[in-house]
Structures are given as C-alpha cells and as structure tokens.
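Listed here are the chains, written in short residue letters.
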Amino acid sequence: MMTVHEVAKLAGVSIRTLQYYDKIGLLHPAEYTGAGYRLYDDTDLERLQQILLFRELEFPLKDIQKIIKSPDFDRNRALEQQIALLTLKKERLEKLIDLAREIQTTGGNHMDFSAFDTSKMEEYAARAKASWGDTPEYKEFLKKSEGRSSEEEEAIGRRMMSIFAEFGEIRHTDPASGEAQALVKKLQDFITEHFYCCSDEILSGLGAMYAGGGDFTANIDKAGGEGTAAFADRAIRIYCI
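Visitor: Lay out the overall build of the protein with the relevant residues and their values.
Guide: Within the protein one finds 12 helices and 3 strands. Per-residue burial for the protein yields a buried fraction of 34% across its 241 residues. Considering only residue pairs separated by 6 or more positions, the protein has 62% of its internal contacts joining residues 24 or more positions apart. Just so you have it, the protein exposes about 14300 Å², and 53% of that area is on carbon and sulfur atoms.

Spelled out as structure tokens, the structure:
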C-alpha cells in the first residue's frame, strides 16, 4: 500500500488532484486508515496510469470517468487507442518542431500552418469515446440501427448527405437566414429520428466535428461543395445559441 503523498510523488501529480479524483468517484483509494488517510494498492496505480494517459490526450474528466466505468471497458483496447492518439500527437509535435526550425532558418517567411492542424487527433478521439458505448445516445443508436440491412443504412446515409447538399446550395448566403436555420432543424430532426435524440448541445458538438477537418469535412464538402461543412457549422452555432 502507498500513501497519498507517496502516490503523488510517484505519479507527479498533486495531493489535491488525488483528493479531487476520490471526491468525484474517478479514483477511490483501496483503503482508508482509521485516521482517514488514503491508501492505494497496485490496482489503483494502474487505474491512475489510465487516467493520466487520457488526461495527457486532453480528455475531459467526465469522459474519462464514463470510459473507465463502462461495463465494456477493456484495458488493452484503451491502451491501443491511447497509443494511436499519442502517435498522432507525436507526429504533430515533430511537425511543429520542424516548422519552428524552418522559421528560425528562413527568418519567418514560411507561411505554412498545416502543422497546427489537430483534426486527425480530434476525429480519432471522438471515435474512441463513442466506441465505448456507455452513453444513452450510443445505446439509442444501437437500438434504432438493430436489424437494419446494409441497404437501409446506405439509404439513410444518402438521405443525410442530401441534407448537406441542400446546405451546399445556399453556402454563400447568410447562415442566420430562415432557410439555413430551417435546414439545421431538418438535420437535427433527421438525426433524432434515425440515430439518437439530438439535443442542441449534441448538435453543436456535431457541427464543430463536421467542420473540424478529416473525413467528416471531406464527405460533407463532397456532397455540397467546398465550404459546405464550415457553413453548416456556422448555421448550427447560430441555431444553438
């Protein structure tokens, strides 16, 4: 067993952090002494490693708690996802280092911002979180999609892309217009009908993901033309205010 002071020193976190993790139910110590002091065993330390790896990847504590407490939680699968995300982070940091060196060499005339792109990491992180299936929305999605044939899934996908095609037709107009806002409502209702209850909060997050780069942005822009995903995101943000 290790005391809270020993664990804090070993892990490089503050005692207050460990106390907070205990308070919110993220990491309870194995035992408490008669005087109320926390004692941690090897299982607690393994769990702390998982938490700190997710924190290194900037996962919010509430998401970490959902993942770790999921009945489907698999430590090996979590490690595979963390390794993939850390690899993406490492690649991004290497690009930033190369960019900084090039700027130093050229005197600041290198106008390349691609190294700042975090879309791949964000997209993979979103998929990793969703894969644990512990949210009500994900469970509802599983229930609604149960029994659907691949043809039915493809038809639903095409119908959703047709909504983005409609966004594309007006992407050069005001995203606050009645037409744009009606399309946002149409999209929200479609998601609720075929996938899960799409609240304004969820819709706002989806909008940011649509415009965040990667496959989501590429597919939406393919359906409606370049700039469609960004336009849909702006319209969604106005709708959700």
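Visitor: An account of the pattern of salt bridges is needed here, citing residue identities and associated values.
Guide: Evaluation of the coordinates by the stated rule reveals 5 salt bridges. Its salt-bridge partner being Glu166, residue Lys186 comes within 2.6 Å of it at the nearest N-O pair. Of the two residues, Lys186 is situated in helix α9 (residues 178-194) and Glu166 in helix α8 (residues 150-169); the sequence distance between them amounts to 20 residues. Of the residues examined, Lys186 reaches a relative accessible area of 38% and is grouped as partly exposed. Under the relative-accessibility criterion, Glu166 is labelled partly exposed at 27%. Close ionic contact of Lys185 with Asp189 constitutes a salt bridge, the shortest N to O distance being 2.8 Å. Separated by 4 residues within a single helix, Lys185 and Asp189 lie in helix α9, roughly one turn from each other. Among the residues examined, Asp189 registers a relative accessible area of 37% and is labelled partly exposed.

Visitor: Summarise the sheet that holds strand β3 (residues 38-40); cite the residues concerned and give the values.
Guide: The strands making up a sheet associate through hydrogen bonds between their backbones, and the pairing can be parallel or antiparallel. As summarised here, the arrangement of the 3 strands in space is β1-β3-β2, forming an open sheet in which the pairing is antiparallel. Edge positions in the sheet fall to β1 (2-3) and β2 (31-32), since each of these pairs with one other strand and no more. Pairing geometry for β1 and β3, over 2 bridges, is antiparallel. Along β3, the bridge assignment pairs Thr3 with Leu39.

Visitor: Pulling in residues and values, what's your account of the nonpolar core?
Guide: In this structure, Met160, Phe164, Phe167, Leu187, Ile191, Phe195 and Tyr210 are the most contacted members of the largest nonpolar core, which totals 24 residues. Mapped by element, the contributors of at least two residues to this core are α8, α9, α10 (200-210) and α12 (228-239). Looking at this core element by element, the count peaks at 6 residues for α9. Not counting residues within four places of it along the chain, the set of residues in contact with Met160 comprises Leu187, Phe190, Ile191, Phe195 and Tyr210. Counting residues in hydrophobic clusters, the runner-up holds 20 residues, among them Leu27, Ile51, Phe59 and Leu85.

Visitor: Mind laying out α9, listing which residues take part and the relevant values?
Guide: Each α-helix turn comprises 3.6 residues. Residues three or four places apart therefore point the same way. For α9, with 17 residues, the first-to-last C-alpha span of 24 Å sits near the 24 Å given by 1.5 Å per residue. Listing the buried residues of α9 in full gives Ala180, Gln181, Leu183, Val184, Leu187, Gln188, Phe190, Ile191 and His194.

Visitor: How would you explain the side chain of Asp22 if you had to name every residue and give the values?
Guide: Looking at the secondary structure, you find Asp22 in helix α2 (residues 15-23). At a separation of 2.6 Å, a polar atom in the side chain of Asp22 contacts the side chain of His28. There is a polar contact of 2.8 Å between the side chain of Asp22 and the side chain of Arg38. Setting aside its immediate chain neighbours within four residues, Asp22 contacts Leu27, His28, Pro29, Tyr32 and Arg38.

Visitor: Can you lay out the packing of aromatic side chains for me, pointing to particular residues and giving the numbers?
Guide: If you walk through the whole model with that rule in mind, you get 4 aromatic pairs. Between Phe164 and Tyr210, the aromatic rings sit 5.2 Å apart at their centres with planes inclined by 85 degrees, giving edge-to-face as the arrangement. Of the two residues, Phe164 sits in helix α8 while Tyr210 sits in helix α10, which places them 46 residues apart along the sequence. You'll find Phe164 and Tyr210 in the same group, each marked buried. An angle of 65 degrees between the planes, with centres 6.4 Å apart, marks the rings of Phe167 and Phe231 as edge-to-face. Pair noted here: Phe167 is in helix α8 and Phe231 is in helix α12, with a separation of 64 residues, a long-range link. For the residue pair Phe167 and Phe231, the accessibility class agrees, reading buried in each case.

Scoring rules and cut-offs
- Residues numbered from 1 in each chain as written.
- Predicted model: local features only at pLDDT ≥ 70, side-chain atom pairs only at ≥ 80, totals over all residues.
- Heavy atoms only, no water.
- Helix = DSSP H or I, 4+ residues; strand = E, 2+ residues; numbered from the N terminus.
- Buried < 20%, exposed > 50% of the residue type's maximum accessible area, 1.4 Å probe, protein only.
- Contact = heavy atoms within 4.5 Å.
- Areas by Shrake-Rupley, 256 points an atom, 1.4 Å probe, with all protein chains shown as cover.
- Salt bridge = Lys/Arg side-chain N within 4 Å of Asp/Glu carboxyl O.
- Pairing = 2+ DSSP bridges.
- Core = buried A, V, L, I, M, F, W, Y, C linked by side-chain atoms within 4.5 Å.
- Expected span 1.5 Å × (residues − 1).
- Polar contact = N/O pair within 3.5 Å; in protein donor to acceptor, adjacent residues only side chain to side chain.
- Phe/Tyr/Trp six-rings, centres within 6.5 Å; stacked < 30°, edge-to-face > 60°.

Geometric descriptors of this kind do not, in isolation, establish any biological role.
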